[in-house]
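What the coordinates show
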Amino acid sequence: MSLIEIDNLSIRYGANTVLHHVRLKVEPGEIVTIVGPNGSGKTSLLKAIIGATAPATGQVRLRPGLRIGYVPQRLHIDATFPITVERFMSLTGRVSRSDCAAALEAAGVPDLLKRQMSQLSGGQFQRVLLARALINRPEVLLLDEATQGLDQPGSAGFYRQIEAVRRDTGCAVLMISHELHVVMSASDRVICLNGHVCCEGTPDVVASAPEYRALFGTGTGGALALYRHDHDHDHDHSHGHEAAE
Ligand SMILES: Nc1ncnc2c1ncn2[C@@H]1O[C@H](COP(=O)(O)OP(=O)(O)OP(=O)(O)O)[C@@H](O)[C@H]1O
């Protein structure tokens, strides 16, 4: 079976349904990018995959024994809390020094083992989070806007690292990004989420959308054009799913 198979997934918080009848598969080794406006349910989808949010309808099926690495959107560590990278890496379980060093190497930050977490740059911090996610040799990496707060070269470098991880380990990647123009070339498939799956396809298909083309190459404009494309479609004839707009 696929690594991840999601069928008819809906998620509710109280009376608020934030995901409607989502269908999605992730195959071994592919890089899938989820885009969508704020509040469109992207994080909720990842949380359903790791079992942190229960489905209201439908199901999330994981290949038996699937190893998942999760890089959260942000993680705050108090600046006054002294913790080295090495200690941070073993917080969730015993990790040998060589595994720790290998994971940092794979994440592109081989020399940080003894550094204080509070002294890392934003980009280094995100790579340590990536290294922590790589420790158990995941078959699929889930990234929730892992480059938030990084400048564009920093983001681009981070995504190149993700491609290198995929190349070296063969793991699949399911990532949320607001920077479609940056992740486009690294993605095998793009899924637009807005409470439901609005559209999906190869980056080529998505890039050929007139709204995207009009602004292609103009920084975040390209991604914004795609969002507009999401919103423009006709919800009157949709399948009873009111989008999170
Ligand atoms: N634990 C929760 N309890 C209640 N409502 C929640 C909870 N988590 C998320 N929501 C709501 O569900 C909706 C979807 O949130 P979610 O974080 O999945 O969206 P997102 O697409 O990841 O947004 P962003 O791009 O802003 O990170 C939002 O309206 C949010 O306020």
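Looking at an unreviewed UniProt entry, one finds the protein named Zinc transport system ATP-binding protein and attributed to Cribrihabitans marinus.

Time to look at the sheet that holds strand S3 (residues 31-35). Strand order in the open sheet formed by six strands is S5-S6-S7-S3-S8-S9, with mixed pairing between adjacent strands. Of all the strands in the sheet, the pair left with one neighbour each is strand S5 (68-71) and strand S9 (197-201). Strand after strand, the sheet turns through a mean of 15 degrees between neighbouring axes, direction not considered. Pairing of S3 with strand S7 (residues 172-176), which is carried by four bridges, proceeds in the parallel orientation. Bridging from a neighbouring strand, Ile-34 pairs with Ile-176 of S7. Packed on one face of the sheet, helix H1 (residues 42-50) meets S3, S5, strand S6 (140-144), S7 and strand S8 (189-193) and runs near 145 degrees to S6. On the sheet, helix H4 (residues 122-134) packs against S5 and S6 and is oriented at approximately 165 degrees with respect to S5.

With that out of the way, let us pick up the confidence of the model for the protein. In low-pLDDT regions, the fine details of the predicted coordinates are not to be read closely. The share of residues in the protein with pLDDT of 70 or more is 84%, and the mean pLDDT across the chain is 83. Confidence drops under pLDDT 50 across residues 214-245; counting only partners more than four residues distant or on other chains, this segment forms 55 contacts. Across the whole predicted complex the pTM is 0.83, and at the interface the ipTM reaches 0.97.

Looking now at H4. In this model H4 runs 19 Å from its N-terminal to its C-terminal C-alpha over 13 residues, within 8% of the 18 Å that 1.5 Å per residue would give. Buried residues dominate H4, accounting for 11 of its 13 residues. By the burial criterion, the buried members of H4 are Gly-123, Phe-125, Gln-126, Arg-127, Val-128, Leu-129, Leu-130, Ala-131, Arg-132, Ala-133 and Leu-134. Against the buried residues of H4 lie S5, helix H2 (85-89), helix H3 (97-106), S6 and helix H5 (152-169).

About the criteria used
- Residues numbered from 1 in each chain as written.
- Predicted model: local features only at pLDDT ≥ 70, side-chain atom pairs only at ≥ 80, totals over all residues.
- Pairing = 2+ DSSP bridges.
- Helix = DSSP H or I, 4+ residues; strand = E, 2+ residues; numbered from the N terminus.
- Axes fitted to C-alpha atoms, helices over the stretch in contact; angles between N-to-C directions.
- Contact = placed C-beta atoms within 7 Å.
- pLDDT = per-residue confidence, 0-100.
- Expected span 1.5 Å × (residues − 1).
- Buried ≥ 20, exposed ≤ 12 C-beta atoms within 10 Å, placed from the backbone.

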